[in-house]
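Structural description and commentary
Take a look at the letters that make up each chain.
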Amino acid sequence: MGDKLKHGSKAHFVEHKISALFEQIGRWIARHPFVVLVSCVVLAGILLGGLPMIKSVSNAEELYTPSRNNRAAEDKIKWEEATWKIEAQRAQASGSEQGEGLIEGLGRVLAYQQGANVLSTEALTSIFALHKRIINDVTITIDGVSGLKFADLCVRTAIPGSNACKATGLMDLVDESLADPFAALRNLDTEVVTFPGREPQATVILAGGRTDSADGSRVDQAMALAMNYEVSSFEWEDAFLVLMLEESKKNDGKGPGGDLYKVAFQKEGSPDEELEKSTNGDTVLLVTAFTLVMSFTVLVMGSFSDFVSSKRNLSLPAVSAVGLCIGSAFGLMGYCGVTFNPVVATTAFLLLGLGVDDAYVMIQSWHYSAYELPGGHTVEDRVGHAMGKAGVSVFFTSLTDMLAFGVGATSLFPSIVQFCAYTSTGIFFAFLYQVFLSLNHTHPNPETQDSRVRFPCTNRRSNIIFAFLLLGTFAPGNSYCNPSSESPKALVLQPRTLDLQALDLQAL
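Below is a short write-up of the structure.

The rules we used
- Residues numbered from 1 in each chain as written.
- Predicted model: local features only at pLDDT ≥ 70, side-chain atom pairs only at ≥ 80, totals over all residues.
- Heavy atoms only, no water.
- Helix = DSSP H or I, 4+ residues; strand = E, 2+ residues; numbered from the N terminus.
- Buried < 20%, exposed > 50% of the residue type's maximum accessible area, 1.4 Å probe, protein only.
- Contact = heavy atoms within 4.5 Å.
- Areas by Shrake-Rupley, 256 points an atom, 1.4 Å probe, with all protein chains shown as cover.
- Salt bridge = Lys/Arg side-chain N within 4 Å of Asp/Glu carboxyl O.
- Core = buried A, V, L, I, M, F, W, Y, C linked by side-chain atoms within 4.5 Å.
- Expected span 1.5 Å × (residues − 1).
- Axes fitted to C-alpha atoms, helices over the stretch in contact; angles between N-to-C directions.
- Parallel < 35°, antiparallel > 145°, perpendicular 65-115°, else oblique.
- Left-handed = near helix turned anticlockwise from the far one by under 90°.
- Nonpolar A, V, L, I, M, F, W, Y, C, P; charged D, E, K, R; others polar.
- Pairing = 2+ DSSP bridges.
- Disulfide = S-S within 2.5 Å.

A few words now on the overall build of the protein. Secondary structure summary: the protein contains 14 helices and 10 strands in total. Burial status across the protein gives 39% buried among its 508 residues. In the protein, the share of contacts with a sequence separation of at least 24, taken over all contacts with a separation of at least 6, comes to 71%. Looking at the protein as shown, the accessible area adds up to about 27,600 Å², and 60% of this sits on carbon and sulfur atoms.

Here the focus is the pattern of salt bridges. By the definition in use, this model includes 15 salt bridges. Residue Arg133 is joined to Glu247 by a salt bridge in which the shortest nitrogen-to-oxygen separation is 2.2 Å. One end of the pair, Arg133, is in helix 5 (residues 121-137); the other, Glu247, is in helix 7 (residues 235-248), and 114 residues separate them in sequence. Given a relative accessible area of 26%, Arg133 falls into the partly exposed group. With a shortest N-O distance of 2.3 Å, Lys267 and Asp238 are connected by a salt bridge. Residue Lys267 is located in strand 10 (residues 262-267), and its partner Asp238 is located in helix 7; the two are separated by 29 residues in the primary sequence. Within the structure, one salt-bridge network assembled from shared partners comprises Glu23, Arg27, Arg31, Glu380 and Asp381.

Here we take up the nonpolar core. Ranked by size, the top nonpolar core spans 53 residues in total, and within it Cys325, Ile326 and Tyr433 carry the most contacts. Within the residue set of this core, elements represented by two or more residues are helix 1 (2-31), helix 2 (33-48), helix 9 (270-301), helix 10 (315-336), helix 11 (347-372), helix 12 (379-408) and helix 13 (414-437). Broken down by element, the residue count for this core peaks at 12 residues, all from helix 13. The next biggest cluster of nonpolar side chains, apart from the first, holds 40 residues, and it includes Leu119, Leu153, Met171 and Leu206.

With respect to the element layout, Arg382 can be found in helix 12. Exposure remark for Arg382: the relative accessible area of 4% places this residue in the buried category.

Once that is clear, we can look at helix 5. With 17 residues, helix 5 should cover 24 Å at 1.5 Å per step; its first-to-last C-alpha distance of 23 Å lies within 8% of that length. Along its buried surface, helix 5 packs onto strand 1 (105-112), strand 9 (224-231), helix 7 and strand 10.

Close contact between helix 11 and helix 13 brings their axes to 10 Å; oriented N to C, the two are set at 25 degrees. By the criterion of interaxial angle, the relationship of helix 11 to helix 13 is roughly parallel. Of the two elements, helix 11 crosses helix 13, and the hand of that crossing is right-handed. Packed against helix 11, whose contacting residues are Thr347, Leu350, Leu351, Leu354, Gly355, Asp358, Ala359 and Met362, the element helix 13 presents Phe419, Tyr422, Thr423, Gly426, Ile427, Ala430, Gln434 and Val435 at the interface. The class makeup of the residues in the contact of helix 11 with helix 13 is 10 nonpolar, 5 polar and 1 charged.

This brings us to unusual backbone geometry. Residues other than glycine seldom take positive phi values, yet Asp143 does so here, at roughly 55 degrees. Relative to the helices and strands, Asp143 is located in the loop between strand 2 (140-142) and strand 3 (145-148). The phi angle at Asp252 is positive, at roughly 60 degrees, despite the residue not being glycine. Along the chain, Asp252 turns up in helix 8 (residues 250-253). Judged by relative accessible area, Asp252 falls into the exposed class, the value being 80%.

Next up on the list: the sheet that holds strand 6 (residues 207-208). Spatial strand order, 6-9-1-10: 4 strands in an open sheet with antiparallel pairing. Pairing within the sheet leaves two strands with one partner each, and these edge strands are strand 6 and strand 10. Bridge count between strand 1 and strand 9: 8 bridges; the pairing is antiparallel. Bridge pairing in strand 9 links Leu110 to Ala226. Relative to the sheet, helix 5 contacts strand 1, strand 9 and strand 10, its axis offset from that of strand 9 by approximately 10 degrees.

Applying the stated rule across the entire model yields 1 disulfide. The partner cysteine of Cys154 in its disulfide is Cys165, sulfur to sulfur 1.8 Å. Residues Cys154 and Cys165 share a disulfide whose torsion about the S-S bond is about -65 degrees; that sign makes it left-handed. With Cys154 in the loop between helix 6 (150-153) and strand 4 (192-193) and Cys165 in the loop between helix 6 and strand 4, this pair connects stretches of sequence that are 11 residues apart. Here Cys154 falls in the buried class, since its relative accessible area comes to 0%. The class of Cys165 is buried, set by a relative accessible area of 10%.

Pasting the structure below:
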């Protein structure tokens, strides 16, 4: 029992010291409200300068591949380090001859059918027709030059003396001058496919789900064919996507292959664009959430019957503090070089909820301070008392949240590390701004710090109407003025009671 008291006394001692510290902070804020407000705004303004420095990453491989103890990633880095000179020489050679050696756009098409053979004559005829539409019908305009097709924009082969486009796939082997245009596809090597005047490619990346011949020398059947269209203009990707969307609607939505095969297609920028769309959607949701939370906060903190004790004006700094903490956290991460990813977009919603929750705790403590303090207290006494009570709760909840997300920042996955870094920093700024801004105000009239109410003096009839309409919502001690006298004359109403003798009924 003694040990429990001893431990309890230690915990109480720590809590008491932290509470005393926050009380002193609250008193200092009450004495210097303008200095604190300007300091917070200046700090936020400086940190917002880091927003343009934020770099966004949307590559799934980079975001969701473990950053440590990853053999595949380590081997990839070693391979790139060993071959970068060769790749650079190839790009330089291709670019110097054609001026179009860099890949700016890429369209991918996959024709597939589970349990079927896409190397059949019917399937190949349909796939080849789709291939011809892609290389002939997808046209764009660049710098005033219209009608540019795939052949005008394709990335050229690196083979010296050849002006051919890089191979797109097995459709490049089709020869329409022959009686059997698909003869070359009926004798595919199981290891390497050779394209005239172009680099050879591995058969495994061109045909999937294969069934090889008995002797293993050629491919008899395949369930999927892949085609890649590499171009030097990203505008071509958009036109390619439009065409493929049209093709996918054919045959009652079955696509160009009908029942023979299905088609999947993608352009190089498709993942990034989809992630960008989701991020833009989150922006709209965030603005909507801010509007709803601010409206709700104004209603909750306001009072339509007690204008002095109403805390409606405190809702603005409370919600503004949330906006400042989001901007400050993102700006600081920009200065520190922490990249942004689509997962980080959810941080704003977390900070909105946590920040407003802290504001409710702080302002509710301010509300109760009027009843907990003795008469004759000052604004500084109320702010210090409220801060000492609520500051401890807000401090420990913010500290535990920061530690939780700080531990999450040690994750192996870069997306989780970035998310936790942004969120942990945002929680710190949410705590900082709520402490210094949520109770940063000056009471309009020190004589009404006991929350008594004085409605505007109009006439006796209005006072009685107000009394009947708002009956039961008055707080004890509320007072109303008598317009017949220069000084206010108190009319005390208890909840659910009305002293009609105190009203001057002669005015009715």
